[in-house]
Amino acid sequence: MYNIRLPQAKVKSSQVIVNKWLKSSGVVVANEVICLVQAGQELFEVQSPIDGVIAEIFIPAGSIAFIDEPLAVLGSSEVSANEQGVDQKENEIESRGVMTDKPSVPVSGSENVTTIIMPQAGQSMEEGTVVAWKVAVGDRIEVGQVIFEIETDKAVMEVEAVDAGRIAKIVANEGDIIEVK
């Protein structure tokens, strides 16, 4: 089993948005581009480092992925990823995903996307619950504007926008429990 990851050398931020999967689970890949990710204003292609079958996709399109977090697992075309007796740690080191700077087909609306993440309000905070959204998809927001409220095990607090722009998509619903960052 080979975990496909984002190499930190190409991406300067600690997270990216998975814009689009070009391949799906069960598909055989041979050292080819499998998905598009966005870091800041740049769009990158993620390439499978080896030949195999995409056994499972861990980060769906539209979701945040952190550097060195597995995006997908690549298994042998003969044996499913769960049945392989390969030392996973050794294979993770040898099979990091490959990103290229080649321009690719832009994903509709992907220019200038800023991801809003669950803030970590204290060192012990591991997750927060979205209490209420103060904005809706399509709303314009300004720096400092309250965009949603979260609840931790200790308090309810407002989260302010750190960038101005327009809300393109809300991926966490009210009541959802989200891990920090």
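Residues numbered from 1 in each chain as written. Predicted model: local features only at pLDDT ≥ 70, side-chain atom pairs only at ≥ 80, totals over all residues. Heavy atoms only, no water.

## Observations regarding the pattern of salt bridges
Line of reasoning, step 1. This model, assessed by the stated rule, comprises two salt bridges.
Line of reasoning, step 2. For the salt bridge of Glu32 with Lys23, the shortest nitrogen-to-oxygen distance reads 2.9 Å.
Line of reasoning, step 3. Lys134 is paired through a salt bridge with Glu149; the nearest N and O atoms lie 3.5 Å apart. Within this pair, whereas Lys134 is found in the loop between β10 (127-133) and β11 (140-141), its partner Glu149 is found in strand β12 (residues 146-151), the two being separated by 15 residues in sequence.
Line of reasoning, step 4. Its relative accessible area of 17% is what places Glu149 among the buried residues. (Salt bridge = Lys/Arg side-chain N within 4 Å of Asp/Glu carboxyl O. Helix = DSSP H or I, 4+ residues; strand = E, 2+ residues; numbered from the N terminus. Buried < 20%, exposed > 50% of the residue type's maximum accessible area, 1.4 Å probe, protein only.)

## Overview of the nonpolar core
Side chains of a nonpolar character, in soluble globular proteins, are inclined to be buried together.
Line of reasoning, step 1. Ranked by size, the top nonpolar core spans 19 residues in total, and within it Leu6, Ile34, Val37, Val46 and Leu71 carry the most contacts.
Line of reasoning, step 2. Looking at this core, the elements that each hand over two or more residues are β2 (15-21), β4 (33-39), β5 (42-47) and β8 (72-75).
Line of reasoning, step 3. In this structure, Met125, Phe148, Val159 and Val180 belong to the second largest nonpolar core, which totals 13 residues. (Core = buried A, V, L, I, M, F, W, Y, C linked by side-chain atoms within 4.5 Å.)

## With respect to the pairing of β5
Line of reasoning, step 1. Most of β5 is tucked away, with five of its six residues classed as buried.
Line of reasoning, step 2. For β4 and β5, the ladder comprises six bridges, and the chain directions are antiparallel. Note on β5: the bridge partner recorded for Val37 is Phe44.
Line of reasoning, step 3. The hairpin formed by β4 and β5 contains two residues between the paired strands, and Gly40 there has a positive phi angle of roughly 65 degrees. (Pairing = 2+ DSSP bridges.)

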